[in-house]
Amino acid sequence: MASKAAPSCRLVFCLLISAAVLRPGLGWYTVNSAYGDTIVMPCRVDVPQNLMFGKWKYEKGDGSPVFIAFRSSTKKSVHYDDVPEYKDRLSLSENYTLSISNARISDKKRFVCMLVTEDNVFEAPTIVKVFKQPSKPEIVSKAPFLETEQLKKLGDCVSKDSYPPGNITWYRGGKVLQSLEGEVVIIFTKKMDPVTQLYTMTSSLEYKTTKADIKMPFTCSVSYYGPSGQKTVHSEQAVFDIYYPTEQVTIQVLPPKNAIKEGDNITLKCLGNGNPPPEEFLFYLPGQPEGIRSSNTYTLTDVRRNATGDYKCSLIDKKSMIASTTITVHYLDLSLNPSGEVTKQIGDALPVSCTISASRNATVVWMKDNTRLKSSPSFSSLHYQDAGNYVCETALQEVEGLKKRESLTLIVEGKPQIKMTKKTDPSGLSKTIICHVEGFPKPAIQWTITGSGSVINQTEESPYINGRYYSKIIISPEENVTLTCTAENQLERTVNSLNVSANENREKVNDQAKLIVGIVVGLLLAALVAGVVYWLYMKKSKTASKHVNKDLGNLEENKKLEENNHKTEA
């Protein structure tokens, strides 16, 4: 309720000094502002009709006032008091609303709006609260690694520039961590900047880790109060390298193969399941009781079949922790007897054996001149067709690249063998003489006529297959001849002969032809004589009979003479 000043004190200054009474119905009013924003404080007092001026003040901690802004209602002028902390930050509107820019923590005060008339002072207090959101929390001073079963500092969660100070909470895998003696130790501290009055919060976490914490995310959060209530901000996740001792070792063979064969290089690799993994091991080779100290790998080059056995490795400082593996070095031996180039005579026997020695059952394949054979070759009596290139090949199907092969080049030699045949053409005009030759190397064939020694070059030859071929000639002899076939190679010269009689069918044909010609000529002469006789008969019928009889007698004589001639020729 407003009050009047004493009659003896009519001046405005007296009114300001005198105690003011709050307007009925006005209580405490609070303005919440974010740090750095503009604080807006309405006066909350109805402007009276006879208002002289309005003023704003704030109260110090001891209750003493500090005036900061003045506005005259009559002169329409505004004046700001010389208060350093509010210089260039104040703005007083016509309705006496006070604005303070760039809110600071120090602006957290009790401000009072005063409207003054000639005889009254009206006041309306406002409480200003300033909040500052802290920075996003960050896990710093992180441990490079954690060791199982050891209580060790994990890191610090830091959040800066907060007002009021916030609270920090730690999380493991999204679940809140609570202090637990000997396993979880959390120490919280806060520090205020004397200039900005902002707080920095730090929470230190000591943690006893286990293998369950491998790849487990750790986070922290800060909870604070702002103008609109409580809020929480979370940090980024942090995952720590967990150190733990080796509890088991394993041994590997590199490169991984289904099978190892002679000549391969193999590498043994020993691994421990600790973190960090062990860097050195002891390797034990078959038959060697003492281990070989090496890094986590040990290489064997060009292994042989005697390298088959058990291989082991262990930790340097804990030999009882050991791992083992069995390595089988596969091998394949092939022996072909005979092999290489072998020359034999036709009809000879040739035993052939292909002996296999292997680490497991092997397949055997025989080839002749790149053609697969159904069975292994066996020669009790060699033939020319047995000659060729033989290959015995073997392999272990389960072992990649393990193959062996040996070859035998068989040469079958023989001196020339000759067989001669004769065939007469159905017409009887020619004869075909064939000289069949067998031998290796290929014999050369020559035809000659016995007696004259003439060489016959007009021959026809067949292909040379399996040591055999033939040469043939076609002749029409006028007289009996003897043909000689000569076959010769590096081993021997062989000769064979065949008698060929003259072509009798041709002589008979000639006689028949002569007989036919004689008959035709006789018929022609007879026709001529008949014509002459007829002509004479017509001329002289009487004398014709005599002449005809005489001519016919002559004709018969001529005919008999001709027949005698034919017989003589025959």
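Calculation rules
- Residues numbered from 1 in each chain as written.
- Predicted model: local features only at pLDDT ≥ 70, side-chain atom pairs only at ≥ 80, totals over all residues.
- Heavy atoms only, no water.
- Helix = DSSP H or I, 4+ residues; strand = E, 2+ residues; numbered from the N terminus.
- Buried < 20%, exposed > 50% of the residue type's maximum accessible area, 1.4 Å probe, protein only.
- Contact = heavy atoms within 4.5 Å.
- Areas by Shrake-Rupley, 256 points an atom, 1.4 Å probe, with all protein chains shown as cover.
- Core = buried A, V, L, I, M, F, W, Y, C linked by side-chain atoms within 4.5 Å.
- Domains from an automatic or database assignment.
- Pairing = 2+ DSSP bridges.
- Axes fitted to C-alpha atoms, helices over the stretch in contact; angles between N-to-C directions.
- Disulfide = S-S within 2.5 Å.
- pLDDT = per-residue confidence, 0-100.
- Salt bridge = Lys/Arg side-chain N within 4 Å of Asp/Glu carboxyl O.
- Phe/Tyr/Trp six-rings, centres within 6.5 Å; stacked < 30°, edge-to-face > 60°.
- Lys NZ or Arg CZ within 6 Å of the ring centre and 35° of its normal.

Undergrad: Just give me the short version of the overall build of the chain, but keep the residues and values in it.
TA: Within the chain, the regular secondary structure consists of three helices and 44 strands. When each of the 570 residues of the chain is scored for burial, the buried share is 35%. Of the contacts made within the chain by residues no fewer than 6 positions apart, 60% connect residues no fewer than 24 positions apart. Approximately 34300 Å² of the chain is accessible, and the part contributed by carbon and sulfur atoms is 50%.

Undergrad: Describe the nonpolar core, listing the residues and the values that go with them.
TA: Counting residues in each nonpolar core, the largest one holds 51 residues, and the members touching the most others are Met-41, Trp-56, Ile-68, Leu-98 and Phe-111. For this core, the two domains that each supply at least three residues are domain 1 (30-131) and domain 2 (138-243). When sequence neighbours within four positions are dropped, the list of residues in contact with Ile-68 reads Trp-56, Lys-57, Tyr-58, His-79, Tyr-80, Asp-81, Val-83, Tyr-86, Leu-90, Leu-98 and Phe-111. Grouped together as the second largest cluster of nonpolar side chains are 19 residues, Ile-251, Cys-270, Leu-285 and Val-329 included.

Undergrad: Go over the sheet that holds strand E40 (residues 455-456) with me, naming the residues and quoting the values.
TA: As summarised here, the arrangement of the four strands in space is E40-E39-E43-E44, forming an open sheet in which the pairing is antiparallel. Two strands bound the open sheet, and with one partner strand each, they are E40 and strand E44 (493-500). Direction of pairing for strand E39 (residues 444-449) relative to E40: antiparallel, over a ladder of two bridges. Paired with Thr-448 across the bridge in E40 is Val-455.

Undergrad: Summarise the sheet that holds strand E17 (residues 199-208); cite the residues concerned and give the values.
TA: Spatially, four strands are ordered E11-E13-E17-E16 in an open sheet, and the strand pairing comes out antiparallel. For this open sheet the edge positions go to strand E11 (138-140) and strand E16 (184-192), each flanked by a neighbour on one side alone. Averaged over all pairs of adjacent strands, the angle between their axes in this sheet comes to 25 degrees, without regard to strand direction. Alignment of strand E13 (residues 151-162) against E17, held across nine bridges, turns out to be antiparallel. What sits directly across from Cys-157, in E17, is Ser-203.

Undergrad: For the state of the cysteines, give the residues involved together with the corresponding values.
TA: Applying the stated criterion across every chain, the model contains five disulfides. The disulfide that involves Cys-270 links it to Cys-313, with 1.9 Å between the sulfurs. Here the S-S torsion is close to 70 degrees, and the disulfide linking Cys-270 with Cys-313 is therefore right-handed. Of the two residues, Cys-270 sits in strand E24 (residues 266-272) while Cys-313 sits in strand E28 (residues 309-315), which places them 43 residues apart along the sequence. With its sulfur 1.9 Å from that of its partner, Cys-354 forms a disulfide with Cys-392. Between Cys-354 and Cys-392 the sulfur-sulfur dihedral comes to about -85 degrees; the bridge is accordingly left-handed. On the criterion of sequence distance, the pair formed by Cys-354 in strand E33 (residues 353-358) and Cys-392 in strand E36 (residues 388-395) is long-range, its members being 38 residues apart. The partly exposed category is assigned to Cys-354, whose relative accessible area is 21%. Cys-392 gets classed as buried once you look at its relative accessible area, which sits at 0%.

Undergrad: Could you give an account of the side chain of Lys-261, with specific residues and numbers?
TA: Along the polypeptide, Lys-261 turns up in strand E23 (residues 260-261). Ignoring anything within four residues of it in the chain, the contact list for Lys-261 reads Val-303, Val-329, His-330, Val-399, Glu-400, Gly-401 and Leu-402.

Undergrad: Quick one: what's the story with the confidence of the model for the chain, residue by residue and with numbers?
TA: On average, residues of the chain carry a pLDDT of 84, and 83% of them reach 70 or more. Throughout residues 1-25 the model reports pLDDT below 50, and contacts reaching past four residues in sequence, or to other chains, amount to 34 contacts. Counted against residues more than four places away or in other chains, residues 540-570, with its pLDDT under 50, gives eight contacts.

Undergrad: Tell me about unusual backbone geometry, and please be specific about residues and values.
TA: If a residue is not glycine, its phi is most likely negative; likewise, a peptide bond is most likely trans. Going from Asn-275 to Pro-276, the amide bond is cis rather than trans, its omega being 0 degrees. Its place among the elements puts Pro-276 in the loop between E24 and strand E25 (281-284). A cis amide bond links Phe-440 to the next residue, Pro-441, at an omega of -5 degrees. A positive phi is found at Arg-44, a non-glycine position, where the angle reads about 65 degrees. Mapped onto the fold, Arg-44 is located in the loop between strand E3 (39-41) and strand E4 (51-59).

Undergrad: Break down the pattern of salt bridges for me, with residues and values.
TA: It is possible for side chains of opposite charge to pair when their charged atoms get near one another. Applying the stated criterion to the full structure yields 19 salt bridges. With a shortest N-O distance of 2.6 Å, Glu-236 and Lys-136 are connected by a salt bridge. Separated by 100 residues along the polypeptide, Glu-236 in the loop between strand E19 (229-234) and strand E20 (238-239) and Lys-136 in the loop between strand E10 (121-131) and E11 bring together distant segments of the chain. With relative accessibility at 53%, the residue Glu-236 sits in the exposed group. According to the relative accessible area criterion, Lys-136 is partly exposed, its value standing at 45%. A network of salt bridges, in which partner residues are shared, links Glu-262, Arg-305 and Asp-333.

Undergrad: Outline the packing of aromatic side chains, supporting the account with residue identities and numerical values.
TA: Enumeration according to the criterion identifies eleven aromatic pairs in this entry. Consider the rings of Tyr-86 and Phe-111, whose centres lie 6.3 Å apart with planes at 80 degrees: the pair is edge-to-face. Here the residue Tyr-86 occupies a position in the loop between strand E6 (78-80) and strand E7 (90-92), and Phe-111 occupies one in strand E9 (residues 110-117), the gap between them amounting to 25 residues. Of the residues examined, Phe-111 reaches a relative accessible area of 0% and is grouped as buried. With a centroid separation of 5.7 Å and 80 degrees between ring planes, the pair formed by Tyr-464 and Tyr-469 is classed as edge-to-face. Clustering of aromatic rings is evident, with ring pairs tying together Tyr-58, Tyr-86 and Phe-111. When the ring centre of Phe-145 is taken as reference, the NZ or CZ atom of Lys-152 above it lies at 3.9 Å.

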